[in-house]
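Each chain, letter by letter, is given below.
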Amino acid sequence: MKFFEDLKVGDIVTIGRHTFGADEIKAFAKRFDPQLFHMDETAAEKSHFGALCASGWHTAAVWMRLMVDQRRGEVEAALARGEKVPALGPALGLRDLKWLKPVYVGDVIDYKSEITELRVSNSKPGRGLMTILSSGANQKGETVISFLSTTFVERRNKA
Amino acid sequence: MPKLHWEDFEPGAVAIYGPRLVTREEIVAFAAEFDPQPMHLDETAASATILGGLGASGWQSCCLLMRMICDGFILDSTSMGAPGVEEVRWLKPLRPGTRIRIRSTVMDKRESKSRGEMGMVKFLFEVLDDTDAPLTTLTTTLMFGRREPRP
């Protein structure tokens, strides 16, 4: 497992893939973003989106879930090898979140994250701060979402 | 007919939405679905993390904010969605039992260069706790239909 010192700007992690179905798009929207173009096919056809599409927060939350799953696999493998596992998180926030294209029913989104900045934390000496550029692309290769987020990563050397 | 059009948003306008009680059960349920990390799932494991106790996923704060502004005004508007979010800052953990409110401030508005039927409104949304301390702040530009399309 990579501690802060082991990370490099430019490192890319493949996060995973998700196919957005109509039922989950509507179920998410009903809970968190009940605008008609995320809830109802007919209304969505009349909107500027032209068809039912996922809430942008849904597209983002799926990245988070796949990220956690991806990391869990790495953690389990590291523990099986008897290695130490660095603590990760929480995140401080995000910026430049862009919903570049709608995510329509049946779209297959591939997510990845790339390290863009690494710096030592002034407030928490045992941690570093990692900024990553995360993105999702659909089956046509079009980027549908991208954002920068900054998160704490444990340092191997605490001093 | 939707009531609020682009023309109705005035820079400087402030509104409050909520309150809404955030329960332990929904924090754990959201985390189990979208962000299954120990700090969002389990008190004991969470106490050993930087959060120092169970706290909601930051994405849940964003989703709750979205729902509260939908109920607050977006569903009663000509909303055309949003191209993105300039910034989200997770300042303090959202703890179980907090009654959150949303403070909405209109920061700026402008016409759309490419689409005469649409305009942009920039907002600062703050998720406040029971003491009015901001837990999460979110800056975003939303798109709204205009009452009078630009000629």
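No experiment lies behind these values; they were computed from the predicted model shown.

S.K.: So what's going on with the overall build of chain B? Which residues, and what values?
M.R.: Scanning chain B from N- to C-terminus turns up four helices and five strands. Scanning chain B from its N terminus toward the C terminus, one meets helices and strands in the order β-α-α-α-α-β-β-β-β. Referenced to the eigenvectors of the C-alpha coordinate spread, the extents of chain B come out at roughly 60 × 25 × 25 Å. Buried positions account for 37% of the 151 residues belonging to chain B. Considering only residue pairs separated by 6 or more positions, chain B has 71% of its internal contacts joining residues 24 or more positions apart.

S.K.: Before we move on, can you summarise the overall build of chain A with the specific residues and values?
M.R.: Helix and strand counts for chain A stand at three helices and five strands. When the helices and strands of chain A are read in sequence order from the N terminus, they spell out β-α-α-α-β-β-β-β. The principal-axis extents of the C-alpha atoms in chain A amount to approximately 60 × 35 × 30 Å. Within the span of chain A, comprising 159 residues, buried residues form 36% of the whole.

S.K.: I'd love a proper account of the interface of chain A and chain B, names of residues and values included.
M.R.: At the interface, 24 residues of chain A touch 27 residues of chain B. Here the side of chain A that touches chain B takes ten residues from strand β2 (residues 88-99) of chain A, the largest share from any one element. For the side of chain A that touches chain B, the class distribution of residues is 14 nonpolar, five polar and five charged. Here β2 of chain A pairs with strand β2 (residues 84-90) of chain B via five bridges, running antiparallel. In the sheet register, K98 of chain A faces β2 of chain B, and the bridge partner there is G84 of chain B.

S.K.: Describe the pairing of strand β4 (residues 118-128) of chain B, with residues and values.
M.R.: Residue and element names in this part refer to chain B. Among the eleven residues of β4, eight are classified as buried, and the element is accordingly described as predominantly covered. Relative to β4, strand β3 (residues 98-111) is paired through ten bridges, and the arrangement is antiparallel. Looking across to β4, one finds that T105 is bridged to L124. The turn joining β3 and β4, which pair antiparallel and follow one another in sequence, is formed by six residues. The sheet contact formed by β4 and strand β5 (residues 134-145) spans eleven bridges and is antiparallel. Residue pairing in the sheet places V121 in a bridge with L142 of β5. Between β4 and β5, which pair antiparallel in sequence order, lie five residues; one of them, D132, sits at a positive phi of approximately 70°.

S.K.: Describe helix α1 (residues 22-32) of chain A, naming the residues involved and giving the relevant values.
M.R.: For the α-helix, the turn length of 3.6 residues means that residues three or four positions removed from each other point alike. Residue and element names in this part refer to chain A. Three or more residues of α1 are buried, namely I25, F28, A29 and F32. Around the axis of α1, the buried residues are gathered within 100° of arc, so they sit on the same side. Across α1 from its buried face, at more than 90 degrees, point the exposed residues D23 and K30.

S.K.: Describe the environment of R17 of chain A, with residues and values.
M.R.: Residues and elements named next belong to chain A. Tracing the backbone shows R17 in strand β1 (residues 12-19). With 13 C-beta atoms packed within 10 Å, R17 lands in the partly exposed category. Considering only alpha carbons, one finds R17 and V108, 91 residues apart in sequence, at a separation of 6.9 Å. Ignoring sequence-local partners within four residues, the contact set of R17 consists of V108, I109 and D110.

S.K.: Lay out the environment of M120 of chain B in plain terms, naming residues and giving numbers.
M.R.: Residue and element names in this part refer to chain B. Mapped onto the elements of the fold, M120 is located in strand β4. In the structure, M120 is positioned eleven residues away from K109 in sequence and 5.6 Å away in space, judged by C-alpha atoms. Leaving out residues up to four positions away in the same chain, M120 has contacts with K109, R110, S112, T141 and M143.

S.K.: Explain helix α1 (residues 24-34) of chain B to me, and be specific about the residues and the numbers.
M.R.: Buried within α1 of chain B we find I27, F30, A31 and F34 of chain B. Summarising the axial view, the buried residues of α1 of chain B lie within an arc of 100°, below the 170-degree limit, and thus occupy one face. Opposite the buried face of α1 of chain B, at more than 90 degrees from it, the exposed residues are E25 and A32 of chain B. Taken together, the buried residues of α1 of chain B touch α3 (56-80) of chain A together with β1 (14-22), α2 (38-41) and α4 (58-72) of chain B.

S.K.: Which residues make up the nonpolar core, and what are the values?
M.R.: If you look at the biggest cluster of nonpolar residues, it comprises 65 residues, and the most contacted ones within it are A61 and W63 of chain A together with C62, C63, L65, M66 and I69 of chain B. Ranked by residues supplied to this core, first place goes to α4 of chain B with nine residues. Not counting the four nearest positions on each side in its chain, L65 of chain B is found in contact with I102, F125, V127, T136 and L138 of chain B. Within the second largest apolar cluster, six residues are counted, among which are F4, M130, F152 and V153 of chain A.

Definitions and cut-offs
The numbering scheme is per chain: residues are counted from 1 as the chain's sequence reads. Chains and ligands are labelled sequentially in the order written, the chains with letters from A and the ligands with numbers from 1. Since the coordinates come from a predicted model, pLDDT governs what is reported: local features require at least 70, and pairs of side-chain atoms require 80 or more to be given and counted, while whole-chain, interface and lining totals use all residues. Runs of E in the DSSP output that reach at least two residues are strands. Runs of H or I that reach at least four are helices, and both are numbered from the N terminus. Burial in this document is a count-based property: other C-beta atoms within 10 Å of a residue's C-beta are tallied, and the residue is buried at 20 or more, exposed at 12 or fewer, or partly exposed in between, with C-beta positions derived from the backbone. Working definition of a contact: two residues with C-beta atoms, positioned from the backbone, lying within 7 Å. By the convention adopted, Pro, Cys, Tyr, Trp, Phe, Met, Ile, Leu, Val and Ala count as nonpolar, Lys, Arg, Asp and Glu as charged, and the other residues, Gly among them, as polar. DSSP bridges decide pairing: two strands pair if at least two such bridges lie between them. The arc refers to the directions leading from the helix axis to the C-beta atoms. For our purposes the nonpolar core covers buried Ala, Val, Leu, Ile, Met, Phe, Trp, Tyr and Cys residues that link as a set through C-beta atoms within 7 Å.

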